[in-house]
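Secondary and tertiary structure notes
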Amino acid sequence: MTAQDGAFPRAEVVVDLAAVRHNVGLLAERANRSGARTMVVVKADGYGHGAVRVARAAVAAGATWIGVCHLEEALALRRAGVTARVLSWLHVPDEDFAPAIAADVDLSVSSLRALAAVLAAARSVGRRVRLHLKADTGLSRNGCPPEHWPELVAAAAAAQAAGEAEVVAVWSHLASADEPGDPSVDQQARRFAAAYETARAAGLRPMRHLANSAALLTRPDLHFDLVRAGVAAYGLNPVPWAGDVDLRPAMTFRARVAYVKRVPAGEAVSYGGTWVAPRDTTLALVPAGYADGVPRALSGRMEVWLAGRRRPVVGRVCMDQVMVDCGDDVVVEGEEAVLFGPGDRGEPTAQEWADAVGTIHYEIVTGMARPRVVRTTKNDTADTADAGGRADTDGGQGNGRLTPSGVGS
Ligand SMILES: Cc1ncc(COP(=O)(O)O)c(C=O)c1O
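Residues numbered from 1 in each chain as written. Predicted model: local features only at pLDDT ≥ 70, side-chain atom pairs only at ≥ 80, totals over all residues.

Labelled according to an unreviewed UniProt entry, the protein chain appears under the name Alanine racemase, originating from Streptoalloteichus hindustanus. Under the heading Pathway (unreviewed entry), UniProt records this for the protein chain: "Amino-acid biosynthesis; D-alanine biosynthesis; D-alanine from L-alanine: step 1/1." Taken directly from UniProt, the Cofactor (unreviewed entry) text for the protein chain runs: "pyridoxal 5'-phosphate". (UniProt positions renumbered as here; feature names shortened; annotations may be inferred.)

Given below as structure tokens:
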């Protein structure tokens, strides 16, 4: 199933890489003012935006590091020709670290067990491994707890002395930097300072990194040598309370009106008949439902931008579709309905969806990697086929296919 020339697909996520470049430029400038470099985090396929293209755009805009969770994510970047420094930080015990070390990927370790595995892999490929030692300073996830930190540092220092490893960094992750004035941030900063001092006392001279987007935007004192920007690079502000920042949301979710019809007053609409037309009205069917990333919890609580303005979605969100009340306005089959976007035209935003369903915008955009939603990019200067701002289907990232639905639910 393909759209006619000039038309866009049934349901589509459009990623504006000019927005990513703008955001990364702004963030890198802030980091730079503190003397820090910038890592852009592209885990989870670039928070649903496309890891490779975002990584390329980020590097073009001043990022010198790329961050991922998993080894496969790091290797996919290398295969796509991303040569920036890449750090991978969340691994299971029996992973094969050798390909990542051979591909020049920096690795985080938080335990003696992980260090031993990584060193064994380094020996097998005959290379030094670049290590980031992760300290748990209060998040209680995959950092090394304080009681085991000295032994991890000592073992890493020994590996460095033996020429098997280079200890690049001591690092940690903040739990609540997005909460105004949360005292845990300073407590984590103090524990981080102690962890760093232990490394220095062991003769190491690593760099430090701690700040996520929220700390990047609010705590320049915690920028240290490198900041790790995730959500803000995609134009979503984790600290709206801290004042305006000129971030541009990069993702737009849109679909094409599949069907338009009049229904008489008193007619019930969608499953359960939870909405009944109060007057004769025109309904537009927008073919994107909860299988395509529209939370069912938005039933009765969402709008789309259609035919020049916002209009309410009425009745329940279905698996494949929503119905939009257009009153007596003329709406044409095939026209664009924007479910969320940057908000420039007055369309809803990912932040609004998140607020309405009680989650965070991170989850909304990351959840847009859906098999039936085509992802396209625009303003991709790294790809000559995209030059001139034309949107092109993003084929190679597992989400560029439009598969026939054939589902009638
Ligand atoms: C270890 C680590 N650093 C940095 C980030 C980026 O965080 P944010 O998207 O809030 O900037 C993440 C994302 O959760 C992370 O897991």
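After that view, the rundown keeps rolling.
1. Details of unusual backbone geometry
A positive phi angle, near 65°, is found at Asp104, a position not held by glycine. If you trace the backbone, Asp104 turns up in the loop between helix H5 (98–102) and strand E5 (106–109). Positive phi, normally seen in glycine, also occurs at Ser270, with a value near 70°. By the element assignment, Ser270 lies in the loop between strand E12 (268–269) and strand E13 (275–276). (Helix = DSSP H or I, 4+ residues; strand = E, 2+ residues; numbered from the N terminus.)

2. Let's talk about the domain arrangement of the protein chain
Taken domain by domain, the protein chain holds domain 1 (64–232) and domain 2 (250–397). When each unit is reduced to the centre of its C-alpha atoms, the spacing between domain 1 and domain 2 is 39 Å. (Domains from an automatic or database assignment.)

3. Side note on the site of the ligand
In the vicinity of the ligand, the contacting residues are Val41, Trp89, His173, Asn212, Ser213, Ala214, Arg228, Ala229, Gly230, Val231, Ala232 and Pro238. If you list the elements that add at least two residues to the shell around the ligand, you get helix H9 (213–218) and strand E9 (226–229). (Near = placed C-beta within 6 Å.)

4. Focus: the confidence of the model for the protein chain
Here the protein chain averages 93 in pLDDT, while 92% of its residues score no lower than 70. By mean pLDDT, strand E20 (residues 392–393) is the weakest element of the protein chain at 45, and strand E2 (residues 37–41) is the strongest at 99. (pLDDT = per-residue confidence, 0-100.)

5. Points about helix H3 (residues 51–60)
In terms of burial, H3 is a largely internal element, nine of the 10 residues being buried. Turning to H3, its buried residues number three or more, namely Ala51, Val52, Arg53, Val54, Ala55, Arg56, Ala57, Ala58 and Val59. Summarising the contacts, the buried residues of H3 are in contact with helix H1 (17–33), E2, helix H2 (43–47), strand E3 (65–68), helix H4 (71–79) and strand E19 (374–378). In the stretch just after H3, Gly62 is the one whose phi turns positive, near 120°. (Buried ≥ 20, exposed ≤ 12 C-beta atoms within 10 Å, placed from the backbone. Contact = placed C-beta atoms within 7 Å.)

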